[in-house]
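Fold and contact review
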Amino acid sequence: MAEVQAKPMPVPDAISRPYWEGANQGIFAFQRCRDCGKAQFYSRSACVHCHGSDLEWQVAAGTGRVASFSVIHRAPIASFMADTPYVLALIDMNEGFRFMCNVLRCDPATVKIGMRVRVCFEARPGTEQKIPQVEPATA
Amino acid sequence: MGNKAIISGVHDTQVGALPDSTCMSLHTEASLGALADAGLKVSDIDGLLTAYSFASPQLMLGGVLGEYIGLRPKVNASIAMGGMTGGLLVRHAAALVQAGICRHVLCVTGDNRLTGMGDKVQAALADVGHPQYEQPYGMSVPAAFAMAAQVYFHEGWLNGDHLAAVAVNQRANAALHPQSHMKKPITMDDVRKSKVIASPLRMLDCCLVSDGGAAVIVSAAETARDRPKRAVELLGIGEGHTHEHIFAAPSLVDFGCKESATDALAQAGLKHKDVDCAHIYDCFTSTLLITLESMGFYGRGEAGPAALAGEFAIGGRFPVNTNGGLLSYGSSGAAGGMFHVVEAVRQLRGECGPRQVKDAEVALAHTLGGIFSGHCSIIMGRA
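One structure accompanies this document, and this report is about it.

Analysis parameters
In this convention, every chain numbers its residues from 1, walking through the sequence in written order. Each chain gets a letter, beginning with A, and each ligand a number, beginning with 1, in the order they are written. Predicted model: local features are reported for residues with pLDDT of at least 70 only, side-chain atom pairs are reported and counted for 80 or more only, and whole-chain, interface and lining totals are derived from all residues. The side-chain values count all of the structure's non-hydrogen atoms but skip hydrogen atoms and water molecules. Two strands make a pair as long as DSSP finds a minimum of two bridges between them. The secondary structure listing takes helices from DSSP runs of H or I that are at least 4 residues long and strands from runs of E that are at least 2 residues long, numbered from the N terminus. Where helices are involved, their axes are fitted lines through C-alpha atoms of the stretch in contact, as for all axes, and angles between N-to-C directions lie from 0 to 180°. The contact criterion used throughout is that any non-hydrogen atoms of two residues lie within 4.5 Å. In short, buried area is how much 1.4 Å probe accessible area vanishes from two parts on joining, totalled over both. Between Lys or Arg on one side and Asp or Glu on the other, a salt bridge is scored when a side-chain nitrogen of the former is within 4 Å of a carboxyl oxygen of the latter. What qualifies as a polar contact is a pair of N or O atoms within 3.5 Å, subject to a donor-acceptor requirement within protein and to the restriction that residues adjacent in sequence count only when both atoms come from side chains. Aromatic pairs are defined between Phe, Tyr and Trp rings, using the six-membered ring for Trp, whenever the two ring centres lie within 6.5 Å; interplanar angles under 30 degrees are classed as stacked, those over 60 as edge-to-face, and all others as tilted. Each residue is assigned to one of three classes by its accessible area relative to the maximum for its type, calculated with a 1.4 Å probe on protein chains only: buried under 20%, partly exposed between the two thresholds, exposed over 50%. Here, a charge over a ring is recorded when the distance from Lys NZ or Arg CZ to the ring centre is within 6 Å and its angle to the ring normal is within 35 degrees. It is the directions from the helix axis to the C-beta atoms that the arc portrays.

Turning to the sheet that holds strand E11 (residues 374–382) of chain B, a few remarks are in order. Residue and element names in this part refer to chain B. Taking strand neighbours across the sheet as the criterion, the nine strands line up as E3-E2-E4-E7-E1-E8-E11-E10-E9 in an open arrangement whose pairing is mixed. The two strands at the open ends of the sheet, each matched to only one other strand, are strand E3 (75–78) and strand E9 (277–280). Strand-to-strand twist across the sheet, computed as the mean angle between neighbouring axes with direction ignored, equals 25°. Sheet analysis places strand E2 (residues 47–50) next to E3, joined by four bridges and oriented parallel. Bridging across to E3, Leu48 finds its partner in Asn76.

Have a look at this one:
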């Protein structure tokens, strides 16, 4: 049987390292601009809103809502085939930014736009890097 | 604006599975075909604009093509902006002509990604996802486009029947084109029962992967009298760019096509209702309907019902994608969008035979790159 390659994993760079190191410690870190006060995802060398460079890292509370999603039945690459059907989603975090992830620990058929979710961190075999994900928020 | 720009020659190759083709053979066939169409020789071309290839990536595709066909242009550049590139080549060619830098600019696209890449195509496409913030989550291109469709479904603006009507109409159009990749008729039920790829999109909502090529020659208007075919004038061109990755899109409802269409129409001094036929990038059935609404051709929630009512048919109120589009004519990388430009020109020349839109005087060709990321709208008219 052909060996299935590992799933693609992020390679942190100088700007994104605090985000990915935070994930390994169970923290969802994001940048907020001290000049204009707005949050941004992903981390950048300058604020995408006002182009100021005085950016600070903050920790998100970890709750948000599904802005949109798709249940993937045909995986783009072999390493995701065993996961089908899986949910790809855009999440609007309460802090005012959007990111992409999978919705874990739920029946894909129950995912809806507007659904409340909370951040969790997925460990994958063969890597120390944890991946920010979400799961349904329980009331 | 200086000199006026016209389209003097177009050509699209056979599309589909072309195992005897290469990236360069498709570029050559498209180029020589467009030159013959324009009544020009290779040596008449003073500008060469090319796109990119997945099957045979090159650092300098324009240099490789120039060498392959013995062309020594005064201007040579390659542009890589995904599916919108075809439109961009025409726009930059028009700018070169209008500035008086070139008289005849050859714009060429093509790729043999069906027989030249095998099953590596989907993985190569998924590679466009952000390496840190998308690829680790198994994002596919259909799923990324589905994010917008899902919102339209949720709001009640689109449903599966609307999407199916687009697929069925375009397959019927492709059957009228001698070169198209997929001619076998399909029914609404075929689409509705096809396999889910990324909800709410099914297999028959998705465009093809084809081998093929297309070329367009943009010339100075004063050369038109020496050309064998009726000239088509470039009346207005607009672009709109809002993001690259779908998670960073400012909206999942409206996209840069709103600005690109507004600018192109304003330049042309025309209104939406003046457009006789539209040739719009249709990587998915939903992409077409969302683009039509975002561009203002239909109000919110009105494009889907229009598709169901048959408005996009060749004899309908607003004929769309008369060649069958990326869904059924063919999708060959940057050539996918260029096929739309070629078909728009042929409609305005009255060359489309059974696909001809009666009295077509103004056409829109629209190309899209990324995940609704960048858009190029071209309004053209009979010169």
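A common way to express how large an interface is: the accessible area buried when the components associate. Counting residues at the interface gives 29 residues for chain B and 37 residues for chain A. Summed over both partners, the interface of chain B with chain A comes to about 2800 Å²; 64% of that surface belongs to carbon and sulfur atoms. The largest contributions to the chain B side of the interface with chain A come from Tyr133, Tyr137 and Phe247 of chain B, which together make up 29% of the buried area. In this structure, the connection of chain B to chain A is made through zero salt bridges. In this assembly, chain B and chain A are joined by 13 residue pairs in polar contact (both at pLDDT 80 or more).

Before going further, it helps to spend a moment on the packing of aromatic side chains. One pass over the full model with this rule turns up 26 aromatic pairs over all chains. With 4.8 Å between their ring centres and 80° between their planes, Tyr19 of chain A and Trp20 of chain A make a pair best called edge-to-face. Taken as a pair, Tyr19 of chain A and Trp20 of chain A share a single burial class, namely buried. Taken together, the ring pairs in this structure connect Tyr19, Trp20, Phe28, Phe30, Phe41, Tyr42, Phe97 and Phe99 of chain A together with Tyr133 and Phe247 of chain B into an aromatic cluster. Between the NZ or CZ atom of Arg44 of chain A and the centre of the ring of Tyr42 of chain A, over which it lies, the distance is 4.1 Å. Directly above the ring of Phe54 of chain B sits Arg113 of chain B, whose terminal nitrogen or CZ lies 4.3 Å from the centroid.

Right, let's talk about helix H2 (residues 61–69) of chain B for a bit. All names here are of chain B. Among all positions of H2, only Leu61, Gly62, Leu65, Gly66 and Ile69 are buried. Down the axis, H2 shows its buried residues gathered within 135° of arc, on one side only. Looking at the buried residues of H2, the elements they touch are helix H1 (23–38), E2, E3 and strand E4 (104–112). Within two residues after H2, Gly70 carries a phi angle of roughly 65°, on the positive side.

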